[in-house]
Amino acid sequence: MNAQTEFLSVAGPAGALELAIDRPAGETRGTAVIAHPHPLHGGTMTNKVVQTLARAFVQAGWTAVRFNFRGVGGSAGAYDEGRGELDDLLAVVDAHAPSGPICLAGFSFGSFVTSHAVARLHGARDIQHLVLVGTAASRFDVAPVAAELHARTLVVHGEHDDTVPLSSVMDWARPQSLPVLVVPGGGHFFHGQLPLLRDLVLRHLRA
């Protein structure tokens, strides 16, 4: 993302996982782990939405950790329909945020995996913020968000997302009474609106 981005690997359940870490200028508030889109459709930790999320977290004072799921880039293993990818995400949390406050974020398929990570970690960890962008509710069984985390959760979706229809995200959110922030005219990848997306996430993190 910038000259200070640190690239390294960590042991994962299916072998080494490739990571990129960006740190804030001052003291860090904790660690944010960000999950990327679908591995079989070009999703990687260098995706522009994922990088935008990382920038927002760094600007808000968090250490941002992006990683490639198994079988992507330099990460070992093969696509596992979300099951193994959840284990990958939890392994990154264990390695780089074993204690202290954490944030979890994901884009598209990454939001689906992140939702299950939150369900697994809630109660055991201090989850300060949850950010779900382009949540793949039409394609995967996205886990509900615990009611006590709703105030800490930001769900962002594009009005004209043609990959994941807004209606499917509303169908997922409605039974939970979980608010969804809709970006007018926005598509799945927020082309031309990434600065707006960054600002929306920053506003949430600083609230």
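The rules behind the values
- Residues numbered from 1 in each chain as written.
- Predicted model: local features only at pLDDT ≥ 70, side-chain atom pairs only at ≥ 80, totals over all residues.
- Heavy atoms only, no water.
- Helix = DSSP H or I, 4+ residues; strand = E, 2+ residues; numbered from the N terminus.
- Buried < 20%, exposed > 50% of the residue type's maximum accessible area, 1.4 Å probe, protein only.
- Polar contact = N/O pair within 3.5 Å; in protein donor to acceptor, adjacent residues only side chain to side chain.
- Contact = heavy atoms within 4.5 Å.
- Axes fitted to C-alpha atoms, helices over the stretch in contact; angles between N-to-C directions.
- Parallel < 35°, antiparallel > 145°, perpendicular 65-115°, else oblique.
- Left-handed = near helix turned anticlockwise from the far one by under 90°.
- Nonpolar A, V, L, I, M, F, W, Y, C, P; charged D, E, K, R; others polar.
- Salt bridge = Lys/Arg side-chain N within 4 Å of Asp/Glu carboxyl O.
- Pairing = 2+ DSSP bridges.
- Phe/Tyr/Trp six-rings, centres within 6.5 Å; stacked < 30°, edge-to-face > 60°.

Student: What am I meant to see in the side chain of Asn-68 here?
Tutor: Along the polypeptide, Asn-68 turns up in the loop between β4 (63-67) and α2 (83-96). Residue Asn-68 is classed as buried on the basis of its relative accessible area of 4%. Polar contacts involving the side chain of Asn-68 include one to the main-chain amide nitrogen of Met-45, which spans 2.8 Å. Residues contacting Asn-68, with those up to four places away along its chain left out, are Leu-17, Glu-18, His-36, Thr-44, Met-45, Gly-73, Gly-74 and Ser-75.

Student: It is not clear to me how the packing of α2 against helix α3 (residues 109-121) should be interpreted in this structure. Could you clarify?
Tutor: Describing two packed helices takes the angle between their axes plus the distance from one axis to the other. Axis separation between α2 and α3 bottoms out at 9 Å; the angle between their running directions is 60°. Classified by the angle their axes make, α2 and α3 are oblique. At the point where α2 passes α3, the crossing takes the right-handed sense. Here Glu-85, Leu-86, Leu-89, Leu-90 and Val-93 of α2 lie close against α3, whose contacting residues are Phe-109, Val-113, Thr-114, His-116, Ala-117, Arg-120 and Leu-121. Tallied by class, residues from the contact of α2 with α3 come to 8 nonpolar, 2 polar and 2 charged.

Student: Would you mind showing me how to read the pattern of salt bridges here?
Tutor: Between side chains of opposite charge, a pair can form when the charged atoms approach closely. A complete count under the given rule lists 8 salt bridges for this structure. For Arg-83, the salt bridge is made with Glu-81, and the minimal N-O distance between the two is 3.2 Å. Asp-199 is the salt-bridge partner of Arg-198, the closest N and O atoms lying 3.3 Å from each other. Residues joined by salt bridges that share partners form a network here, namely Asp-80, Glu-81 and Arg-83.

Student: Help me understand the pairing of β4, please; the structure alone is not making it clear to me.
Tutor: Looking along a regular strand, one sees the side chains alternate between the two faces of the sheet. Of all 5 residues making up β4, 5 are buried, and the element is well covered by its neighbours. Here strand β2 (residues 15-22) pairs with β4 via 4 bridges, running antiparallel. Paired with Asp-22 across the two strands is Ala-64, which belongs to β4. Alignment of strand β3 (residues 31-35) against β4, held across 4 bridges, turns out to be parallel. Residue Ala-32 lies in a different strand from β4, and its bridge partner there is Ala-64.

Student: Sorry if this is basic, but what is going on with the environment of Gly-187 here?
Tutor: Along the chain, Gly-187 turns up in the loop between β8 (181-183) and α5 (194-206). The exposure class assigned to Gly-187 is partly exposed, which follows from its relative accessible area of 23%. Each C-alpha atom, one on Gly-187 and one on Glu-159, is 6.7 Å from the other, the two residues being 28 residues apart in sequence. Gly-187 has contacts with Gly-158, His-160, Asp-161 and Gln-193, leaving out every residue within four places of it along the chain.

Student: In this structure, what is going on with the packing of aromatic side chains? I would like to understand it.
Tutor: How two aromatic rings sit relative to each other is set out by the distance from centre to centre and by the angle between their planes. All chains considered together, the criterion is met by 7 aromatic pairs. Both rings, one in Tyr-79 and one in Phe-109, keep their centres 6.1 Å apart while their planes meet at 50°; by these two values the pair is tilted. Remark: Phe-109 occurs in helix α3 and Tyr-79 occurs in the loop between β4 and α2; sequence separation between them is 30 residues.

Student: Before we go on, may I ask you to explain the sheet that holds strand β6 (residues 127-133) in this structure?
Tutor: One open sheet accounts for 8 strands, arranged β1-β2-β4-β3-β5-β6-β7-β8; its pairing is mixed. Taken across any chain shown, the strands that pair with only one partner, and hence form the sheet edges, are β1 (6-12) and β8. The sheet shows a mean angle of 20° between the axes of neighbouring strands, direction not considered. Those strands touched by α5 are β6, β7 (153-158) and β8, and its axis lies near 155° from that of β6.

Student: It is not clear to me how the packing of helix α1 (residues 48-59) against α5 should be interpreted in this structure. Could you clarify?
Tutor: Taken N-terminus to C-terminus, the directions of α1 and α5 make an angle of 40°; their axes are 9 Å apart at the nearest point. Handedness of the crossing formed by α1 with α5: right-handed. Across the interface between the two elements, Lys-48, Val-49, Thr-52, Leu-53, Ala-56, Phe-57 and Gln-59 of α1 pack against Leu-194, Leu-197, Arg-198, Val-201, Leu-202, Leu-205 and Arg-206 of α5. Class assignment of the residues belonging to the contact of α1 with α5 gives a composition of 9 nonpolar, 2 polar and 3 charged.

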